[in-house]
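Inside the fold
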Amino acid sequence: MSFVEVCQGDSPIVLGLPHTGTDLPEDSATGLTEVGRALADTDWFVDELYAGLLPDLTTVRTRVHRYVIDVNRDPSGQSLYPGQNTTALCPVTDFDGNALYHPGAEPDDAEVARRLETYHAPYHAALRREMERVREMHGVAILYDCHSIRSVAPYLFAGRLPDLNIGTNDSTSCALVFETAVASVCAAAGDYTSVVNGRFKGGWTTRHYGRPAEGWHAIQMELAQSTYLKAEAPPWPVSLRSADRLRAVLTLVLKTLSGIALWRPS
């Protein structure tokens, strides 16, 4: 069974959707606690937020939940943020530090390797193919990695997260013109707060595919879920008015990126 969904378009932008899936294959869910099965750390409705914003966008999405394996983590297991609390390649705690598995049921090395081969590798094979295809068409490909998270998560960061969190691995994963354009749109977007390379600088996907010298550019957008949810708690109710307002900003971000990519020499 394929857990990767690909929708091909002709735009220079590829949307990565690594954390919207809610599937828990039973061979990977054994041992999960009620906390684990609640899937609280899903990037709730992010695929719906971006749906239809621009014609001809390519999307690559995994249906498997991040608690099975986080496809936005280094396959080697190396931490993206050394010295800071974070979650692992195959997480054993949630964003509050709570155990996801009953004692002794955590995935061992063999199980992690199986999940890498079954879920992580196919997602990135699909993402790589789409980046190559889009670059062949336009001479440039922009991976825009779509994320969201609770605005308050003390285990991961202090205080309240800005609304729009742009990550470019400290300005190395894309040409400066793309980073500046996204930052400018976000800074001018009404009363939304925004930051570039704050707590979230881009996950492994952004860092791995961000190769500006090769025509591959990568940007992560981490949305605070307070920008489109009525409450950041179950049942994760969406505010349609807030979501529509946010979609207008995201549309402008993507239009701006696409316009620059189609105009600038490759």
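In this text the structure is predicted, and so the values were computed from the model without any measurement.

The subject of this paragraph is helix α7 (residues 240-263). Taking 1.5 Å as the rise per residue, α7 with 24 residues should run 34 Å; its terminal C-alpha atoms sit 34 Å apart, in good agreement. Of the residues making up α7, those classed as buried are A243, L246, V249, L250, T251, V253, L254, L257, S258, I260 and A261. Against the buried residues of α7 lie β2 (13-17), α3 (46-50), β4 (141-149), β5 (164-167), α5 (176-187) and β7 (216-224).

Counted at 1.5 Å a residue, the expected span for α5 with its 12 residues is 16 Å, and the 16 Å between its end C-alpha atoms agrees. Along α5, the residues that are buried comprise F178, E179, A181, V182, V185 and C186. For α5, the arc enclosing every buried residue in end-on projection is 165 degrees, short of the 170-degree limit, so these residues lie on one face. Exposed residues pointing more than 90 degrees away from the buried face of α5 are listed as L176 and A187.

Moving on to unusual backbone geometry. Across the junction of P234 and P235, the peptide omega takes the value 5 degrees, indicating a cis bond. Here P235 lies in the loop between β7 and α7. A positive phi angle is found at D56, which is not glycine, with a value near 70 degrees. Position of D56 relative to the elements: it lies in the loop between α3 and β3 (58-62). On the basis of relative accessibility, which here comes to 46%, the residue D56 falls in the partly exposed class. With a phi angle near 55 degrees, W236 is a residue other than glycine that sits in the positive phi range.

Moving on to the packing of α5 against α7. Running from N to C, α5 and α7 cross one another at 155 degrees; their axes reach a closest spacing of 9 Å. Comparing their axes, α7 and α5 come out roughly antiparallel. For the element pair α5 and α7, the recorded crossing hand is right-handed. Across from V177, F178, A181, V182, V185 and C186 in α5, the residues of α7 making contact are V249, L252, V253, T256, L257, I260 and A261. Each residue belonging to the contact of α5 with α7 can be placed in one class, and the counts come to 12 nonpolar, one polar and no charged.

Turning our eyes to something else, we now look at the packing of aromatic side chains. The tally for this structure, following the rule as stated, stands at six aromatic pairs. Each ring, one from F3 and one from Y119, has its centre 5.2 Å from the other, and the planes form 75 degrees; the classification is edge-to-face. Taken together, the residues span a long stretch of sequence, with F3 in the segment before β1 (4-7) and Y119 in helix α4 (residues 109-138) at a distance of 116 residues. With a relative accessible area of 15%, F3 lands in the buried category. On the basis of relative accessibility, which here comes to 3%, the residue Y119 falls in the buried class. Ring geometry for Y209 and W216: centres 5.9 Å apart, planes at 25 degrees, overall stacked. As far as the burial class goes, Y209 and W216 line up, both buried. Put simply, the rings of W44, F45 and W236 touch in pairs and so form one group of aromatic residues. R207 extends its terminal NZ or CZ atom over the ring of Y81, reaching a point 5.1 Å from the ring centre.

Rules used in this analysis
- Residues numbered from 1 in each chain as written.
- Predicted model: local features only at pLDDT ≥ 70, side-chain atom pairs only at ≥ 80, totals over all residues.
- Heavy atoms only, no water.
- Helix = DSSP H or I, 4+ residues; strand = E, 2+ residues; numbered from the N terminus.
- Expected span 1.5 Å × (residues − 1).
- Buried < 20%, exposed > 50% of the residue type's maximum accessible area, 1.4 Å probe, protein only.
- Contact = heavy atoms within 4.5 Å.
- Arc of directions from axis to C-beta.
- Axes fitted to C-alpha atoms, helices over the stretch in contact; angles between N-to-C directions.
- Parallel < 35°, antiparallel > 145°, perpendicular 65-115°, else oblique.
- Left-handed = near helix turned anticlockwise from the far one by under 90°.
- Nonpolar A, V, L, I, M, F, W, Y, C, P; charged D, E, K, R; others polar.
- Phe/Tyr/Trp six-rings, centres within 6.5 Å; stacked < 30°, edge-to-face > 60°.
- Lys NZ or Arg CZ within 6 Å of the ring centre and 35° of its normal.

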